[in-house]
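# Close look at the chain arrangement
Given next are the chains, with one letter for each unit.
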Amino acid sequence: MAPRRKKVYEGKAKILYEGTEPGTLVQYFKDDATAFNAQKRATIEGKGVLNNRLSEFFMNGLTNIGVPNHFIRRINMREQLIRQVEIIPLEVIVRNFAAGSLSKRLGLEEGTLLPRPIVEYSYKNDELGDPMVSEEYVIAFGWATQQDLDDIVSLALRVNDFLSGVFYGVGIKLIDFKIEIGRVWDNDFMRLIVADEISPDSCRLWDVKTGQKLDKDVFRRDLGNLTDAYTEVARRLGLMPANTTSLKPTAIN
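Residues numbered from 1 in each chain as written. Predicted model: local features only at pLDDT ≥ 70, side-chain atom pairs only at ≥ 80, totals over all residues. Heavy atoms only, no water.

## Brief notes about the environment of Ala13
Following the sequence through the fold, Ala13 ends up in the loop between β1 (7-10) and β2 (14-18). Here the alpha-carbon distance between Ala13 and Phe219, two residues 206 residues apart in the chain, equals 14 Å. When neighbours within four sequence positions are excluded, Ala13 is seen to be in contact with Tyr28, Phe29, Lys30, Asp32, Lys47 and Asp201. (Helix = DSSP H or I, 4+ residues; strand = E, 2+ residues; numbered from the N terminus. Contact = heavy atoms within 4.5 Å.)

Have a look at this one:
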């Protein structure tokens with residue numbers, strides 16, 4: 001096994017290491033699960049393997065429809081090579097149906113269809129609990145410009161169209177999701193690309209017919225086995241054998 005490269009950053013679910021090529025990083029997916037701003041923690045065997053494979057699938061899909069993102073290639077079961085970006089300190093949230101904090105804020109029943117997809121932002125700061133912020137805050141504090149925000153909304157809605165279609169095709173309703181956006185430079189030209197990950201950790205996913213939750217709410221609300229839920233998503237997307245009921249170490253290579 002090659003010696004481990006220098007750790008650049010460790011978050012709740014992933015570790016970033018120096019990349020094998022200039023301008024790259026290695027993103028390692030952990031089995032750690034957290035909720036409620038890390039007040040609830042657990043280790044879920046196999047979660048990192050599933051999220052690595054699922055994020056690869058979605059990022060490749062975005063590349064195929066012309067949505068720029070940081071993904072280069074998967075290295076192994078838990079690692080992928082990504083482009084190094086300057087992360088904008090915002091979580092970009094797209095909501096199609098009411099759920100979670102939106103239901104609490106507005107008193108809407110979970111599952112209520114929204115008039116149109118809603119894009120909102122939270123400031124990436126764990127100590128503050130990732131507070132929701134307005135565009136005015138984003139611009140005033142210099143986290144992004146108005147042009148950046150216009151581009152972010154465009155990217156987020158394109159991702160939403162893609163993900164909604166992919167999930168609906170396998171009987172899953174995309175309730176909401178969050179992405180992160182990074183800046184990259186090609187010579188003097190700056191552009192924004194989708195970064196971080198796209199997985200059931202960052203999406204709310206409900207079965208179209210039964211409403212069964214197939215995302216991290218299973219862990220948040222003690223609704224069952226999280227690995228089973230993520231495995232079901234991967235199975236429906238054709239990333240695992242159709243008869244798979246639980247993750248085997250060799251199921252995804």
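Picking up after the structure, the text goes on.
## What about the pattern of salt bridges?
Scanning all chains against the criterion turns up 29 salt bridges. The partner of Asp31 in a salt bridge is Arg78, and the shortest N-O contact between them spans 2.8 Å. Taken together, the positions of Asp31 in the loop between β3 (24-29) and β4 (32-35) and Arg78 in the loop between β6 (71-74) and β7 (79-83) put the pair 47 residues apart, joining distant regions of the chain. The residues Asp31 and Arg78 share a single accessibility class, namely buried. Residue Arg236 pairs with Asp207 through a salt bridge whose shortest N-O separation is 2.7 Å. Taken as a pair, Arg236 in helix α6 (residues 226-236) and Asp207 in strand β14 (residues 203-207) lie far apart in primary sequence, 29 residues in all. Overall, the relative accessible area of 10% leaves Asp207 in the buried class. Through salt bridges that share partners, Arg95, Arg105, Glu110, Glu120, Asp176, Arg204, Asp217, Arg220 and Arg221 make up one connected network. (Salt bridge = Lys/Arg side-chain N within 4 Å of Asp/Glu carboxyl O. Buried < 20%, exposed > 50% of the residue type's maximum accessible area, 1.4 Å probe, protein only.)

## Examining α6
Counted residue by residue, α6 has eight buried out of eleven residues, so it is predominantly covered. If you check which residues of α6 are buried, you get Leu226, Thr227, Ala229, Tyr230, Thr231, Glu232, Val233 and Ala234. Residue Asn225 occupies the N-cap position of α6, its side-chain oxygen lying 2.9 Å from the main-chain nitrogen of Thr227. (Polar contact = N/O pair within 3.5 Å; in protein donor to acceptor, adjacent residues only side chain to side chain.)

## As for the nonpolar core
Core analysis: the largest hydrophobic core is formed by 48 residues, its most contacted members being Val159, Leu163, Phe167, Ile179, Ile181 and Ile198. With eight residues, helix α4 (residues 146-168) is the single largest residue contributor to this core. Of the residues that make up this core, three or more belong to each of domain 1 (7-83) and domain 2 (86-225). Excluding residues that lie within four positions of it along the chain, Leu163 makes contacts with Phe58, Leu174, Phe177 and Ile198. (Core = buried A, V, L, I, M, F, W, Y, C linked by side-chain atoms within 4.5 Å. Domains from an automatic or database assignment.)

## A few points about the packing of helix α1 (residues 47-64) against α4
At a minimum axis distance of 11 Å, the contact between α1 and α4 shows a crossing angle of 120°. Taken together, α1 and α4 sit at an angle that is classed as oblique. Crossing angle aside, the handedness with which α1 passes α4 is right-handed. Facing Phe57, Phe58, Gly61 and Leu62 of α1, the residues of α4 in contact are Val159, Phe162, Leu163, Val166 and Phe167. (Axes fitted to C-alpha atoms, helices over the stretch in contact; angles between N-to-C directions. Parallel < 35°, antiparallel > 145°, perpendicular 65-115°, else oblique. Left-handed = near helix turned anticlockwise from the far one by under 90°.)

## Some remarks on the domain arrangement of the protein chain
Accessible area lost upon the coming together of the parts is a frequently used measure of interface size. Assigned domains of the protein chain: these are domain 1 (7-83) and domain 2 (86-225). With 30 residues of domain 1 at the interface, the matching set in domain 2 holds 27 residues. Of the roughly 2400 Å² buried between domain 1 and domain 2 on both sides combined, carbon and sulfur atoms contribute 60%. Joining domain 1 to domain 2, the criterion identifies six salt bridges. The shortest N-O distance in the salt bridge between Lys47 and Asp201 comes to 2.6 Å. There are 17 residue pairs in polar contact (both at pLDDT 80 or more) connecting domain 1 and domain 2. (Buried area = accessible area lost by both parts, 1.4 Å probe.)

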